[in-house]
Structures are given as C-alpha cells and as structure tokens.
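The lines below spell out each chain.
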Amino acid sequence: MTKEGPLVFAVLLGSLRKASFNAMVARALPGLAPEGVTVRELESVRDYPHYDADLQAEGFPDIVTRTADAIRAADALIVVTPEYNYSIPGALKNAVDWLSRLPNQPFAGKPIAIQTASQGPFGGIRCQYHLRQSMVFLDGRVLNKPEIAVGSVQTRVDAATGALTDATTRGLIGQQLAALAEFVRRQG
Ligand code: FNR
C-alpha cells in the first residue's frame, strides 16, 4: 500500500538560541521540500518543564499533549538539532522524554529524519546516533540515508539574513526530504 496526496512534515528544533544555526537550517526546509509537502515547526522545546513523574501524575502539560497531537497528525517528523557534548541537547531530550510517557506515544511507527548542524567539522553526527538509539526504544522509523550533518555551518549561511546559502548543503537536504517523502509513501 502506498500513501498518495499531500504530506505534512513536523519539525522539532533542538536549539533555544535566537541566532541558532540549526534554526536557520529548519527555516530553510519549506523551500527545500518536494512539491506536495508542507513543513510545520512544532512549539519550542524551551517551554517544557523538566520531566518529573510527580508532575506527570498531576496531568501532562498542555505543550506535551499539543505537540504529540501535531506529531501524530504529521506524516513524518524531522528533528533539527545541535550536538552537545557528543549527545542530545538536554532541552530536546527532556521534550522527547515527556512525549515518550504519553499513552499512544507519538514516535511509534513515525517516519523520522534527523538533521544536525555544528560549527565544528563533524556536523553533530555523534548526536544523531544517540537520538537514533532513543528512537529504537520508542519504535520510531528513522530514515537511514542520506544523513544530514552540516559541518562548519557558520560558513554555509548568511548570518545577516539567517538564510542557509550553501548550495551543496541545500541540495543534500533537498535529497533527504525527497527520500523522507518516498519513505512515508512506501510505508503507506
Ligand atoms: C557545543 N558544541 C558542540 N559542537 C559539536 O560539534 N559537538 C559537540 O559535542 C558540541 N558540544 C557542545 C556543548 C555545549 C554545551 C554547547 C553550548 C555547544 C558547539 C555547537 O555545535 C555550536 O554552539 C552550535 O552553534 C550550536 O547550535 P545552534 O544553537 O547554533 O543551533
């Protein structure tokens, strides 16, 4: 069975910084997505309280249930994030932890693409393997290829406008988004 018609990709951003390079990558996605794909950014991971099972026992925060609904309603999730200390930034991990505690948690069976950007040469690739590991437990369907790890990202943007300008990077991201659309359509 294949899925036809328009698709929605939801984007979860792992950086809180106003001048975030990963935010610049995330903002480029609507312009790089294949025809028929709408890209929607999810609410900031800044706004989740620290995960606390006692707080959960009083009821899930609204942002958790709203974001889970938005992920469930989307055809795929794209996580765009920096790497912190070779791993997942705390605020992003906290959001994943909250979302993972919901009944019918939204990552199960969901096609997921990961993009990282770093000012260092390796583009945050090590974070991707930790995120993939969490998504194995959560039964997410993480796209294998192409991987998007944007190294030396500060040289690939126009800092004044916040636009992702590097043609090679834009092309690779376009290829990943096309592969994600194909992955979604094949899953049906
Ligand atoms: C970093 N940075 C970083 N970079 C990297 O390539 N590997 C790493 O392990 C880390 N670790 C790390 C830890 C912490 C606490 C900070 C604050 C930063 C650098 C990071 O990639 C860089 O600051 C990016 O610009 C952050 O992404 P945004 O906020 O620009 O999207």
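Summary of the structure given here. All values reported here derive from a predicted model rather than from experimental measurement.

On to the packing of aromatic side chains, then. Enumeration over the complete set of coordinates arrives at 2 aromatic pairs. Ring centres 4.8 Å apart and planes at 70 degrees place the aromatic pair Tyr-51 and Trp-98 in the edge-to-face group. Here Tyr-51 is found in the loop between β2 (37-41) and α2 (53-57), whereas its partner Trp-98 is found in helix α4 (residues 90-100), with 47 residues between them in sequence. The class for Tyr-51 is partly exposed, based on a relative accessible area of 29%. Look at Phe-60 and Trp-98: their rings are 6.1 Å apart centre to centre, the planes differ by 70 degrees, and that puts the pair in the edge-to-face class. Highlighted residues: Phe-60 in the loop between α2 and α3 (62-73) and Trp-98 in helix α4, separated in sequence by 38 residues. A cation over an aromatic ring shows up here: Arg-126 above the ring of Tyr-86, its NZ or CZ 3.8 Å from the ring centre.

Criteria and thresholds
- Residues numbered from 1 in each chain as written.
- Predicted model: local features only at pLDDT ≥ 70, side-chain atom pairs only at ≥ 80, totals over all residues.
- Heavy atoms only, no water.
- Phe/Tyr/Trp six-rings, centres within 6.5 Å; stacked < 30°, edge-to-face > 60°.
- Helix = DSSP H or I, 4+ residues; strand = E, 2+ residues; numbered from the N terminus.
- Buried < 20%, exposed > 50% of the residue type's maximum accessible area, 1.4 Å probe, protein only.
- Lys NZ or Arg CZ within 6 Å of the ring centre and 35° of its normal.

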